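Read off the chains here:
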Amino acid sequence: MERIFEGELLSGTEEDGTSRVRISARRGRGAYSNASGRHERETRLVCDDGWHHDHDEPLPPFRTTVTAENARTIITKNTSPDVPFDRSINPYRGCEHGCIYCYARPSHANMGLSPGLDFETRLFAKPDAANLLRQELARPRYRPRPIAIGTNTDPYQPIEREYQIMRSILEVLDEVSHPVTIVTKSALVCRDIDILASLAKRNLVKVALSVTTLDRHLARRMEPRASTPKRRLEAIAALSQAGVPTGIMVAPIIPALTDHELEAILTAARRHGATEAGWVMLRLPLEVVDLFTEWLDEELPDRAARIMGLLRGMRGGKANDPRFRYRMRGDGPYADMIKKRFQLATARLHLNQERTMLDCAAFLPPRADKSQGDLFLQAEIR
């Protein structure tokens, strides 16, 4: 099943023999190109041979397509020492927010698609996620621990308004009293305040809004379809007022571009009701480095060299350091300075004074087949 939204999907390139896509086709998107993924054997480029061509004709914009994915499981396990969870759920593959720095972009190459514009326009949804979750939670050997949602692609990206997969997942978790943590860049999370408040009353949920910058113009260029910084702060306030433990993630911190806003973002979040905070340094794995440097060259050519120079200075001369304990924060004097600034700011603002520990003891396993269980119950009543 495939659903089509706005514009038209096509792989256009410019006349310079690169994979860059003309402005008319990528307007409102984050990436500048749509190069083949690292697993593909062929790369296609457009070259001008001097004969007649239609480069001057406007190209229709990339459309967003959503394809249903028939997933077999929904809970993903991990053993990374860099993250405070051992299981997660991703309702969608790809993300329409189009954040140019997104570390999840390379995952689209595993599907034979480009981590560039394909990642933010060719999306995959898991409409059976709630049923799969119910089945996995009903297994006799399942032991509850907080499930993290929003660790890869955003569960509240624009298509969630129609598909409501995230809401259906929360309904299951609320029903069985299972703990969950959520990270998002979208104010759409407020739509589910009714369920989140219900979970919060039993100490079963924490939500964090990710804010990269308070500059809405810069945010629009880096994160074209995410909620504005102002709306994210308003979401923190709304969730907090509803009794939902809410935090702020300053992520990613981009050296020489957004690093100066660290204290201002934390202060704004605290003013809106955040009680916890975290941060992540920019990391550029695999294809993301080319996409990000391409964006810098177009959007911020005067700062590009300094930004990449500082980043490589924290990564042993490379754009990315995949080692555990270093990939999220970096290493060296600059990374140490950011860490110290964060510690001083959170102490001054009384953030992270007490971290909410979610309750895993309240979990009540669901019936594997609810309809069959109801039949047995009716039989007993008779």
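Residues numbered from 1 in each chain as written. Predicted model: local features only at pLDDT ≥ 70, side-chain atom pairs only at ≥ 80, totals over all residues. Heavy atoms only, no water.

Caption draft 1: Fine view of the nonpolar core. Membership of the largest hydrophobic core comes to 97 residues, with the highest contact counts inside it found for Leu 133, Leu 170, Ile 248, Leu 266, Phe 292 and Trp 295. Counting residues per element, this core draws most heavily on helix H5 (residues 165-176), which supplies seven residues. For Phe 292, the residues in contact, after removing those within four places along its chain, are Ile 100, Tyr 101, Ile 254, Leu 282, Leu 284, Ile 307 and Met 308. (Core = buried A, V, L, I, M, F, W, Y, C linked by side-chain atoms within 4.5 Å. Buried < 20%, exposed > 50% of the residue type's maximum accessible area, 1.4 Å probe, protein only. Helix = DSSP H or I, 4+ residues; strand = E, 2+ residues; numbered from the N terminus. Contact = heavy atoms within 4.5 Å.)

Caption draft 2: A look at helix H12 (residues 333-348). Taking 1.5 Å per residue as the helical rise, H12 with its 16 residues ought to reach 22 Å, and the 22 Å between its terminal C-alpha atoms agrees with that figure. Looking at H12, one finds that the buried residues are Tyr 334, Ala 335, Ile 338, Arg 341, Phe 342, Ala 345 and Thr 346. Relative to the axis of H12, the buried residues are bounded by an arc of 125 degrees and lie together on one face. Opposite its buried face, H12 presents the exposed residues Pro 333 and Leu 344, each directed more than 90 degrees away. Where H12 is buried, its residues contact strand S10 (246-253), helix H9 (262-271), strand S11 (276-281) and helix H11 (304-314). Of the residues trailing H12, His 350 is marked for its positive phi of about 60 degrees. (Expected span 1.5 Å × (residues − 1). Arc of directions from axis to C-beta.)

Caption draft 3: Structural detail: the packing of aromatic side chains. Going through the model one piece at a time under the given rule, you end up with three aromatic pairs. Here Trp 279 and Phe 342 contribute two aromatic rings whose centre-to-centre distance is 6.4 Å and whose plane-to-plane angle is 45 degrees, an arrangement assigned as tilted. Separated by 63 residues along the polypeptide, Trp 279 in strand S11 and Phe 342 in helix H12 bring together distant segments of the chain. Of the two residues examined, Trp 279 and Phe 342, each falls in the buried class. Judged by centre distance (5.9 Å) and plane angle (25 degrees), the rings of Phe 292 and Trp 295 are stacked. (Phe/Tyr/Trp six-rings, centres within 6.5 Å; stacked < 30°, edge-to-face > 60°.)

Caption draft 4: A look at the side chain of Arg 87. Examined against the element boundaries, Arg 87 turns out to sit in strand S4 (residues 87-89). What makes Arg 87 buried here is its relative accessible area of 5%. A polar atom in the side chain of Arg 87 sits 2.8 Å from the side chain of Asp 86. Here the side chain of Arg 87 touches Tyr 142 through a polar contact of 3.1 Å, side chain to side chain. Contacts of Arg 87, omitting those with residues within four sequence positions, involve Ile 75, Thr 76, Lys 77, Asn 78, Tyr 142, Arg 143, Pro 144, Arg 145, Pro 146, Ile 147 and Ala 148. (Polar contact = N/O pair within 3.5 Å; in protein donor to acceptor, adjacent residues only side chain to side chain.)

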